[in-house]
Structures are given as C-alpha cells and as structure tokens.
Amino acid sequence: MTRPDDVALEGASYPNPLPRPEGEFERLARAWELPKGWRIVTAVNNTVIGYFYVATAFLFFLLAGILALLIRLQLAVPGNAFLSQETYNQIFTMHGTVMMFLFAVPAVEAAGVLLLPQMLGARDLPFPRLGAFAFWAYLVGGLVFFSTLFFGVAPSGGWFMYPPLTGARFSPDVGADWWLLGIGFIEISAIAGAIEIIVGVLRTRAPGMTLARMPIFAWTMLVFAGMIVFAFPAVILATILLELERAFDWPFFIAERGGDPLLWQHLFWFFGHPEVYIIFLPAAGMVSMIVPTMAGVPLVGYRLIVIALIAIGFLSFGLWVHHMFTTGIPPLSLGFFSAASMMVAVPSGIQVFAWIATIAAGRLKVTAASLFVLGFLVIFTIGGLTGVMVALVPFDRQVHDTYFIVAHLHYVLFGGMVFPLFAAFYYWVPAFSRRPLSEAWGRWVFALLFAGFNIAFLPMHVTGLIGMPRRVYTYPGGIGWDGLNLVSTAGAFLVAAGVLIFLIDLARNLRPVETGRAGDIWRAGTLEWLPNHNFAARSVPRVTSREPLWEQPGLARDVEAGRYYLPGSATGARETIVTSAIEAEPQYLMRLTGPGWAHVLAAVLTAAFFLLLTVKLVTPAVICGLLAIVAIMAWMWESDPPATKPVDIGGGITLPTYLSGPLSHSWWAMIVLMLVAAALYLSFVFAYLYLWTVGPQHWPPVAPGPTSGGLWASILLLCLSAATLLTACRAMAGAGPAGRGSALMIAVGPLLLGAAVGLDPWSHWQAGLRPEINGHAALVYANALLQTQVTAAVVVMAGFAVARLAVGRLDRRRRVVFDNLALLWGYALAQAALGLVLTHGFPRLVG
Amino acid sequence: MRWSRPVSIGASVPLAACSPIQSALAPRGPEAEDIAVLTWVLVAGAAGILFIVMIALGLALWGGPRSRAILAHVNAVRIGGIAFPLVTLTILLTYGLWLTRSHSAAGEQPALRIEVTGEQWWWRIGYLRADGTRVAEANEIRIPTGRQVEFVLTSGDVIHSFWVPSLGGKLDMIPGRTNRLTLMAQRPGIYRGQCAEYCGGPHALMALEVVAMPPEDFAVWLDAASAPRPEPSDATMRKGRDLFLASGCGACHAVRGTSSGTVGPDLSRVGGRRFLAAALLANDEAGLARFISNGQALKPGNQMPPFRIFSQPELAALAAYLASLK
C-alpha cells in the first residue's frame, strides 16, 4: 500500500491520465447495472433502495397525517361523536407510533442511505444487501402493522405503551402484541441501517476527507446511528419483557408480584428521549448543508457544531427522567435530571446561532428550501424554549400530559424535523431528478405549512395551561377549551392543504433518472453535487477541503472524465474504496454484492415470523423463522470473496482487495453489533438491579436456588468453550488452509457454550424456581432467554463457518467469517459469565 | 361523517360559561399560585429570548454590513449559543429547584389526610379521621379551606394521575406505590380535576371535583358522613331501597348501614354530589336512571353492566332512593 503524494496533485497532475481506455466506463456501468423491470425489487444500489425508502417513509407520513386530521375532526367541538372512544384511542396510539417509528426514524435513515455515499465519495454503502434487507423488512412490517387499524385490532395503549394498562389483564386483545412484536421488529431494521451507516461514514469516505472535512450531515448521521445503537436496545428489551409478561405471565411489571410498572417507563424513556434527538439531529444536519449553499459561504462554527452534536448525543441519554417528573421520584434526582434537561439547550443554541452567523456571513438566496429553513428556525426556537420551560419540575407538574406538551413536542418534531425535511426535498431533488421542484409552488407549500402549523399548535399551549389533558377522545364544553380546539382543527387542515399541493408538485416534477439530472443548480460545495450515476461519481476525488466543489474548480468535469481514483471497475465487480477512519487514507478495495433474491426473501420471511407470532400462529411462524435463517445463509454465502491481485486505483496507489482483522469493514460492523448486544444486556442488568431495589423481599435470602452443582457445571462448560475458542484462534493463525482440527473446534466450542447456557435455567427449574412466581424469578429466566438468543447466533454462525471450511471458502487468509464468529463467540462467553455472576452472585451478595 | 349533538358530558356545568374551574392559570391555592407566577416568568422570558433570536435572524438577513459582520463571527456563536443560555439557565434552574424544595418540604403537619385511589374510570376516596376511622366516598372531594390537605395517592388497577390545576401540580397514581401530595385551597369554591395519565377506554371521562368549604362547614359535613344513612322517608324511596338490595346493587356499592360492596363507588351520600360517574353527568334522578339502565352508552367500558331489568316506575323509585342519600 503506497501513500499518494499530495504535492503532486497541486501541480494539476491527476491520479489518472486522460484519455481513459476504451470501454472502461462501460465496464463500470455494467458492474453497477440495475436489474430490469419488476426485478428491480432485487436491486441493492443505495439510490434505488434510497428512493424506495424515502417514498415509503413519506407514505407513512401521509397515513399518520390523515390520522392526525381524524383526531382534529373529533376534537373540533366538545362532546363530538364522530369517532368512538375505542377508535379514537387506536387512532391516537397509531398516530404517535407511526410518526415516530414508521416515519421519522426511517425517513432520516432513508435520507442517509440515499445521500451519504454520494456525499462521502463512496460508490455505495458498505453492506448493500443489509440496507436492502432493512428496507424490505420495514416496508412489509410497517404495512401490516398499519393495516391493523382497518380491522379494528390496532393497539390502543398509547405510543408509550405503559403497563399495566398494556399488560394482559387490562389489554387482553391482540392490539398490544401488534405493537410489541411489530415495532420491536421494525427497530431491528433500524439497527441494521444504523450499523451500515456507522461503517459507511467511518470507512468509505473519499481519500483525503478527514473527519474534520466531513460534511455536517455525515456527522449528524454518525451521531444518529451511534445513538440508535445505544438507545434502541433499551426499548427492544422492554418490548421483550412485556411480551413475555403478556404471553407467559412473567411478572416484570406487575407490582403485586415484585414487578414494577415504572421499570417500563425507565427503559422506554431511556430510549424515548434520545429518540427525539435521533430524529432531530439529522434534520439539523440537513439545515447545516442547506444554509451554507444558500448563503454562498462555508458554515460558520463548524467545529463548535461538531462538538455540539457529540454533546447532544451524550446528554440526551442523561435526561430520560424528565418524562417521569410526575411519578413521585425523589427531589434530588428531579434536580439532576432538570439540570441535564436544561443543559441540552446549550448545544442546540450553538447550532441556531451558527446558522444565523452563516446567514449573516453570506447573502441568503430566498428559495423554497431557504424558506423552510427559516420557518424551521422560528418554530424550533419556540419548541426549544418551551422545552426549557418543561424542564423546570414545578412547571412540568402542571403541564405534563396536557396539550401544552402536545404543542411543545410538535414544535420540536414538526418544526425541528418535518420543516428541514421539506427543505431537504426542495434542495436535493435536483441531484436525482430531471427537473427540480417548483419554486413558485414551494412558496405556497411553505406559506400553508407555516401558517397552518402555527394556527394548529400555538393555541394548544394555552389549551393545555387552562387544563385540557392529552389523549382524551372528548371534552366538555363550557370550560374554555372549545374555541381553541376549533382553531387548532382549522390549522391542521391548512397544513393538509400545503402537503396536498406538495404532493401534486412531486407528481409534476419529480423524475428520478439515471442520466440528465438537473444537477448542481444551487452551486453547492459538497460531493453529492458531482455528476452522479447509480454508482455515484465516475471517479473518486481526492478531497482537500470541506467544500471541494468550491475549492477545486473543474472538479466536476475532472471527476466525470475519470481523472481521479478508481475511474472504472478494477476487478469487474462493484467496488468502493475503504479508507482509514480518521484521516481517510485508502486502505483496500472492497468488493460489494450485487442484486439478489436471498435478502428480499429473508426480509419477508423475518417479517412473516414476527407477524405470524403476533397472531399466535406459532408453527407457521417457526417455519418462516427457520426459512429466514436459510435465506440469510444463502445471502451470506456469496459474501467474503477471495482476494485478487492488488489493484491500481491511480495516483500511484495500489490497494489489496482483501483485508481481515481490525482493518476490515466487517470487523467494524461486528464490533458495532456487539455494542448493540451489550447495550441490550446492560439494559437487562439495569432491569435486574432496578427490580431488586423496588422489591428486595422477592430475592431469595441466601439463594438456596439451584444446586451449586449445576452452577459449577455451567462455569466449567464456559471455561471449556473459552479454551476451545483460544485454540481455534491459534489454529487459524499463520498461513495455508485450515485443518480439520479447526473445524472440530469451531463445531464443538459453541455447543459447549450452548450447553452452559442451557444448563443454567434447567438447574433453576430443577430447584423449583418458576418464572411466574415473582419478578426475580422472571428475570432469572429472562436472562436465560437473552443468553440463548446470542448463543443461538453463535451456533448458527459456527455451522456456517464449518460449511465454508469444508468447501474451501474459509481458510487462514480468507478468514473474515471466522473472525466475526470469534468476536461474537467471545462476546457470548463474556455475557454468559456476567449472567452467572448477576443471577447467582448478586443474590448471595445481598442475601 | 356524523356531527352529532354534543352528548351530555359536562354540558351542564352550571357555572358561568368559560369559567376557569380547571385551569393552571386560575390558581386558587398557594402551590398553584407559585407555579402560575413561574409560568408567567417563563412565558415572558421565552418571549424575550425569542425576540432576541428573531432580531439576530433579521439582522443576519437584512442588516447593515457592521451588524452582519458581528453576527457572522464565531464569537457570536459562542456568546449567543453558549454564554447566554448558560447564564439564563442557571438562574432558571435555581429558581426551579427552590420552588421544588418549597413544594416538597413537608412543613406543617397536614390538617387532614385523604386517600384517593385511581380506578378505571373513577376515584375512590377515603377520609382518614383523627379517631382512626375512615369515611368512604367517591368522585367528589370536600376539603376545608386554608388547611393543608394531604392526598395519599394509590391505584387500584392501571396508572392514573391526580390533577386539580387550580390547586397545584399533578402526581401519578401507580400500582404498588403510594405518592403523597399536599394541597391547600385558599377560598371556598369548586375546582375541577381530571385524570392526567392515559388509563385506557374512557380516560377522557374520568374527572372529579374538589369542593372547598369553610372548615366549620366541612367538620359538620364530615361528621354527618360518618353516621349511618337514615331510613327512607316515603314509600317510593323504601321501594327503591328494597330494589337496591334485591337486585344486587349492594354487592358492588356500599351504602353505610345498608350494604357494603366495595367494587364500585360508595353511594352513601351519592345524592349530595354535584355530578355522577366521575364528573360526567348532572346528578339528578333522570341522570341516575340513565346511568343505571344504560351506563355503557354514557361511559363505554365501565365495570357496571347495564341494568335493563327495571320497569320505568322501578327505575324511578331506585333513582329517587339514591338521590335521597345526601
């Protein structure tokens, strides 16, 4: 691997000379060709999946928006009987759930999938099939989940799903299960997307695009994905526990049996508050891209903004309790969380003033995108200020769960996310479509949305202060709420009119095309405005600044001519350059997978597994689950191609086509996946310790529990499995084909782990412990379940590795499959050991 | 689409139209007053800050070169985005913490303790008397003015939240936990409250009224509450009482000295309340009859099955009996 000479570039010598060889461009285009006709569903290109993704997210925005209109119709007048009580409860639950889980998070993830590769100078995201899998799972799961409304079986427990209302006793219907399994499943898809975004942002940037030169949008997507990794597992654990309680009567949240309803609230808001920033940060990132372009100057305070983004990422995990100020939490912790909630206003303030500074530094072109950004600044500032207000505990005790909060959260989310999203549509459509959207119509859309939004939501601050609680399907006349509600309803329909005009404009002007795109009509500075194909730019530029298109005149022409790196396909396959995480120096050439059916099938089958499970069709569900695993195996079989000769990408850089270990992109993905698993398990440790603090009397006094024989056997098995892992790692070191010994160890070691993990609950069972009796017992078995989950993944991966060893697809050099197995195996051992310490050691410690 | 006539809920709130009986902006007790002052401070402060930000934005867009040069400097970001919020937030936080402390500090011993249990979808109330006895009531709370009253909040099923905005902030009622909230009403009056935590089904129809009365009147009222109910005075009411017992009403509803059910609201003094069914229906004989025969239409999902077994005169007698329990 040779390093390029930056100085050489300045002398107008390019990495690759012109003219380019005959047929080079055609070979590149052929490698990235899209499947034709209806086979487009097998496509994995980030542009195609990005279009599908954005369109689906927008569809859910419209659907949930229609639900909002129904809500406003019902509340237009007091005592209205337009919707029945049960229908209303389902509709407000679905409005919140769909907006949060099926619109907001997927929409920003979709924007990331669509924009990031081009913006970073990559050809595609590093795991195209994983991205496509996440999309198809989301589409199928989301549509089925939404359609429960049409059958009157939608969840009605609120988007926050507080037990015991959502427990089996008070919600015996299937609605709550739809929420738990449907949303739990869609969260998994969000996590898959997040892993891809993290590795993509960190490892597939154009050469020279150091972290300090990375566009702010990429920064926000990185923080966004990092927050998903730590926040979503908490709610996934919560949904697992509540579903276990509903299905098998394991009392995690039932106070009479040592559970606690507040456990749910802690887990839910540990996810739920970061969720707000998860949604907002990428939108703020879009604003940070649009403002400099429209003002014609670089962003002022780039470093401050990056620090602010990271600060928000951390702070947002420290203020979940501000959703629980009225639960009777002690004043000391109220003070802490109140302070933390206010602190988060500082990084938001930095961003607002940085945008204002950028506007002041240049001259803002008044375009539709600019108008939406300005509208966002006004609305989001108001939302931020009311956010500071509700961070004050005494004030919150009056307005919590009233229409004041409804107003506040819509100012933050509609103002903070939907307005930037509309700005993003007007801004980025020309990068993909033959024509931009209509500027004239855009002004109307903005005017209607801005006026309608404020007419709808500004009065709600007052409605709440004068006593109207949230989530009421009706209200009495004569206590001052009638007029304000009618005004809010009128405003909601103005917003709807604006969205309708926008839709018509989309239909008129949005024409995504392969060639002949409108292109850089704003004279922007970042790479996504290079001439783009479905493999992004023809050649990958060397980046020397934050706004390459401004700093390097002629860059667009030179890139398109093929003068920069990798102007063709070096191996004949789809490729992208993998660079180092901080300095973005080229490290190797990654070959990407192309279109296929396996990941689509896997997504549909995974969705079917969860959805069939919801309606208690266990046998078909299990069959679909097994078939899904088969489909995933088939999809993964193609991955990890063997090394080829090193390839020349130009500029004197020769790159290997295969690397393993910490330099490999898949090693990074595995580490992120382990972080997800660790976050899930730490949430469980929190749940365990939390329930102990609430009901220590349910913990066995001296843990007579399982005979210590079972415990010692588990420990021994874990040690044996660990020893096997170490031996296997040693056997795989060095060069040449791996022997039978490796195969044996890879086959046996995970089974030893499985035996250890299985023995533990068995010995508890033998000792007479039953999960239904109390919260402690339920947690012991939940631990076993979580261990089984990870162990099962290790066992399946081990089988996969053995099969590849057998056919020569895995050896000491082509070893990424083994490396990933070893990582997860090691993690599973650590988690199992921690589980033993927790469930056996802790009761002895406190007993 | 059916824009039906407003159903009866609250349609007959007998106070003047738009009277703020459930408003945080119409405080009638010390805690609510503190918070109302805080509210206005916050609103004024937020409006001021919004004004400053908008001026800055306006100057950035249309200002002269000098003001734009100042705003465009990274120091403007440091001052506006870091220094300014840190100072204002610190002041605010101190104020907020001081208020929280003063509200949660258990200063004087409460003059009266009232248990309130959230039930789907009504309020179970128990007055704890000094002699250790407990007087059961439902859906309407009477308190003496000028006295600290401690509300002992629990739940019988799911999470509810006790909130009477004119008197103070809300506090949740959580299964397995007991929360305590001390409130005081300064003047006699009627203050409406409503369940503030979504509790399923007709959560919207779970309201209550707090009636603040002079301490001496309150003492008289509570003493009378402790006594057994007098014998019905006329034949219709006696017939109503007999129907009440014969039809099994008493299995769920207590009438002191007559029946002792505890599943539903205590009816010992139901006739003396202003509303029925958790501040849903005007309390008169017609309202009573409607709820008995068709409560599910008025409050869908409530625990009481519709009693359509009664003839019209029987229903009238039953309603007359209940209305007489004051």
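Residues numbered from 1 in each chain as written. Chains lettered and ligands numbered in written order. Predicted model: local features only at pLDDT ≥ 70, side-chain atom pairs only at ≥ 80, totals over all residues. Heavy atoms only, no water.

### Side note on the overall build of chain B
What chain B contains, in helices and strands, is eight helices and 14 strands. Against the compact-globule benchmark of 20 Å for 326 residues, chain B has a radius of gyration of 25 Å, which places it well outside the compact range. Classification of the 326 residues of chain B by burial places 54% in the buried group. Taking as baseline every contact in chain B between residues at least 6 positions apart, the subset at least 24 positions apart corresponds to 61%. Roughly 13,900 Å² of accessible area belongs to chain B as shown, and the carbon and sulfur atoms make up 62% of that amount. Placing the 30 positive and 24 negative side-chain charges of chain B at their respective mean positions leaves the two points 8 Å apart. (Helix = DSSP H or I, 4+ residues; strand = E, 2+ residues; numbered from the N terminus. Rg over C-alpha atoms; globule rule 2.2 N^0.38 Å. Buried < 20%, exposed > 50% of the residue type's maximum accessible area, 1.4 Å probe, protein only. Contact = heavy atoms within 4.5 Å. Areas by Shrake-Rupley, 256 points an atom, 1.4 Å probe, with all protein chains shown as cover. Lys, Arg positive; Asp, Glu negative; His and termini not counted. Charge placed at Lys NZ, Arg CZ, Asp CG, Glu CD.)

### As for the overall build of chain A
Counting secondary structure elements, chain A contains 25 helices and four strands. At 27 Å, chain A has a C-alpha radius of gyration in line with the 29 Å of a compact globule built from 847 residues. The dimensions of chain A, computed from C-alpha atoms along their principal axes, are 80 × 75 × 50 Å. Within chain A, buried positions represent 67% of all 847 residues.

### As for the pairing of strand S10 (residues 207–213) of chain B
All names here are of chain B. By the criterion of burial, S10 is predominantly enclosed, with seven of the seven residues buried. Across the two faces of S10 the burial is the same, with Ala207, Glu209, Val211 and Met213 and Leu208, Val210 and Ala212 all buried. Bridge count for strand S4 (residues 140–144) against S10 is five bridges, and the pairing is parallel. Considered in S10, the bridge of Pro144 is made with Met213. (Pairing = 2+ DSSP bridges.)

### A few points about the sheet that holds strand S2 (residues 122–128) of chain B
Residues and elements named next belong to chain B. In space, the five strands of this open sheet follow the order S3-S2-S1-S5-S8, with mixed pairing throughout. Two strands close off the open sheet at either side, each with one partner strand: strand S3 (134–138) and strand S8 (179–183). Between one strand and the next, the sheet's axes are offset by a mean angle of 25°, whatever the strand orientation. Relative to S8, strand S5 (residues 149–155) runs antiparallel, the two sharing five bridges. Considered in S8, the bridge of Leu153 is made with Asn179. Relative to S3, helix H4 (residues 215–226) is tilted by about 95°, and along the sheet it contacts strand S1 (112–119), S2 and S3. (Axes fitted to C-alpha atoms, helices over the stretch in contact; angles between N-to-C directions.)

### Describing helix H7 (residues 216–248) of chain A
Residue and element names in this part refer to chain A. The end-to-end C-alpha separation of H7 is 47 Å, in line with the 48 Å expected for 33 residues at 1.5 Å each. In H7, a bend of some 30° at Val229 exceeds every other bend along the element, and Pro233, a proline, comes one to four places later. Of all 33 residues that make up H7, 29 are buried, and the element is covered over most of its length. Positive phi appears at Asp249, one or two residues downstream of H7, with a value of about 65°. (Expected span 1.5 Å × (residues − 1). Bend = angle between axes of the 7 residues up to and from the residue.)

### Here we look at the nonpolar core
Within the largest apolar cluster, 377 residues are counted, with the highest numbers of intra-cluster contacts made by Ile141 and Phe162 of chain B. The dominant element in this core, judged by the number of residues it contributes, is H7 of chain A, at 23 residues. Residue contacts for Phe162 of chain B: discarding those within four places in its chain leaves Val116, Trp123, Ile141, Phe151, Leu153, Gly169, Lys170, Leu171, Met173, Leu181, Leu183 and Leu208 of chain B. Ala345 and Val390 of chain A together with Leu42 and Ala46 of chain B belong to the second largest nonpolar core, which has 21 residues in total. (Core = buried A, V, L, I, M, F, W, Y, C linked by side-chain atoms within 4.5 Å.)

### Let's talk about the interface of chain A and chain B
At the junction of the two partners, chain A supplies 91 residues and chain B supplies 89 residues. Broken down residue by residue, the surface that chain A buries against chain B is led by Phe353, Arg397 and Gln398 of chain A, which jointly contribute 11%. Across the chain A-chain B interface, the total number found is two salt bridges. Summed over the shared surface of chain A and chain B, the number is 20 residue pairs in polar contact (both at pLDDT 80 or more). (Buried area = accessible area lost by both parts, 1.4 Å probe. Salt bridge = Lys/Arg side-chain N within 4 Å of Asp/Glu carboxyl O. Polar contact = N/O pair within 3.5 Å; in protein donor to acceptor, adjacent residues only side chain to side chain.)

### Concerning the pairing of strand S1 (residues 574–579) of chain A
Residues and elements named next belong to chain A. A large share of S1 lies buried, amounting to six of its six residues. Residues of S1 alternate between two faces, with Arg574, Thr576 and Val578 on one and Glu575, Ile577 and Thr579 on the opposite face, all of them buried. In this structure, S1 lies alongside strand S2 (residues 586–592), joined through six bridges in antiparallel fashion. Of the residues in S2, the one forming a bridge with Val578 is Tyr588. What sits between the antiparallel neighbours S1 and S2 is a turn of six residues, in which Ala584 has the positive phi angle 55°.

### Comments concerning the packing of aromatic side chains
According to the stated counting rule, one finds 81 aromatic pairs over all chains in the structure shown. Taken together, a centroid distance of 6.4 Å and an interplanar angle of 65° make the contact between Phe58 of chain A and Phe422 of chain A edge-to-face. With Phe58 of chain A in helix H3 (residues 46–75) and Phe422 of chain A in helix H14 (residues 403–432), this pair connects stretches of sequence that are 364 residues apart. Across the pair, Phe422 of chain A and Phe58 of chain A agree in class, each one buried. On the basis of relative accessibility, which here comes to 8%, the residue Phe58 of chain A falls in the buried class. Between the NZ or CZ atom of Arg770 of chain A and the centre of the ring of Trp765 of chain A, over which it lies, the distance is 3.6 Å. The ring of Trp163 of chain B has Lys170 of chain B sitting right over it, with the charged end atom 4.1 Å from the ring centre. (Phe/Tyr/Trp six-rings, centres within 6.5 Å; stacked < 30°, edge-to-face > 60°. Lys NZ or Arg CZ within 6 Å of the ring centre and 35° of its normal.)

### Examining the environment of Tyr403 of chain A
Among the structural elements, Tyr403 of chain A can be located in helix H14. It is 57 Å that separates the C-alpha atoms of Tyr403 of chain A and Gly749 of chain A, two residues lying 346 residues apart in sequence.

### Concerning the sheet that holds S10 of chain B
All names here are of chain B. Reading across the sheet, the three strands line up as S4-S10-S9 and stay open at both edges, with mixed pairing between neighbours. Two strands bound the open sheet, and with one partner strand each, they are S4 and strand S9 (189–194). Pairwise comparison of adjacent strand axes, ignoring direction, gives a mean angle of 25° for this sheet. Relative to S10, S9 is paired through six bridges, and the arrangement is antiparallel. If you follow Arg192 over to S10, its bridge partner there is Glu209. Lying on the sheet, H4 is in contact with S4 and S10; it crosses S4 at an angle near 130°.

### Quick look at a nonpolar patch on the surface
Residue and element names in this part refer to chain A. A cluster of nonpolar side chains, contributed by Val618, Val622, Leu626, Ile629 and Val796, occupies part of the molecular surface with about 380 Å² of accessible area. Here the element with the most residues in the nonpolar patch is helix H20 (residues 618–637); it accounts for four residues. Within the secondary structure layout, Leu626 lies in helix H20. Given the relative accessible area of 52%, Leu626 is considered exposed. (Patch = residues over 30% accessible without salt bridge, like charges linked within 9 Å, V, L, I, M, F, W, Y side chains within 5 Å.)

### Some details on the packing of helix H6 (residues 175–203) of chain A against H7 of chain A
Residues and elements named next belong to chain A. Where H6 contacts H7, the axes come no closer than 8 Å and their chain directions differ by 155°. On the basis of their axis angle, the class for H6 and H7 is roughly antiparallel. In terms of crossing hand, the pair formed by H6 and H7 is left-handed. When the residues that make up the contact of H6 with H7 are grouped by side-chain class, the tally is 23 nonpolar, three polar and four charged. (Parallel < 35°, antiparallel > 145°, perpendicular 65-115°, else oblique. Left-handed = near helix turned anticlockwise from the far one by under 90°. Nonpolar A, V, L, I, M, F, W, Y, C, P; charged D, E, K, R; others polar.)

### Thoughts on the pattern of salt bridges
Residues and elements named next belong to chain A. Tallying each qualifying case throughout the model produces 24 salt bridges over all chains. Ionic pairing is found between Arg471 and Asp401, a salt bridge with its closest N-O pair at 2.8 Å. Of this pair, Arg471 sits in the loop between helix H15 (439–465) and helix H16 (482–509) while Asp401 sits in the loop between helix H13 (393–399) and H14, and the two are 70 residues apart along the sequence. Exposure class is identical for Arg471 and Asp401. Each is buried. Members of the salt-bridge network, linked through shared partners, are Arg20, Glu24 and Arg538.

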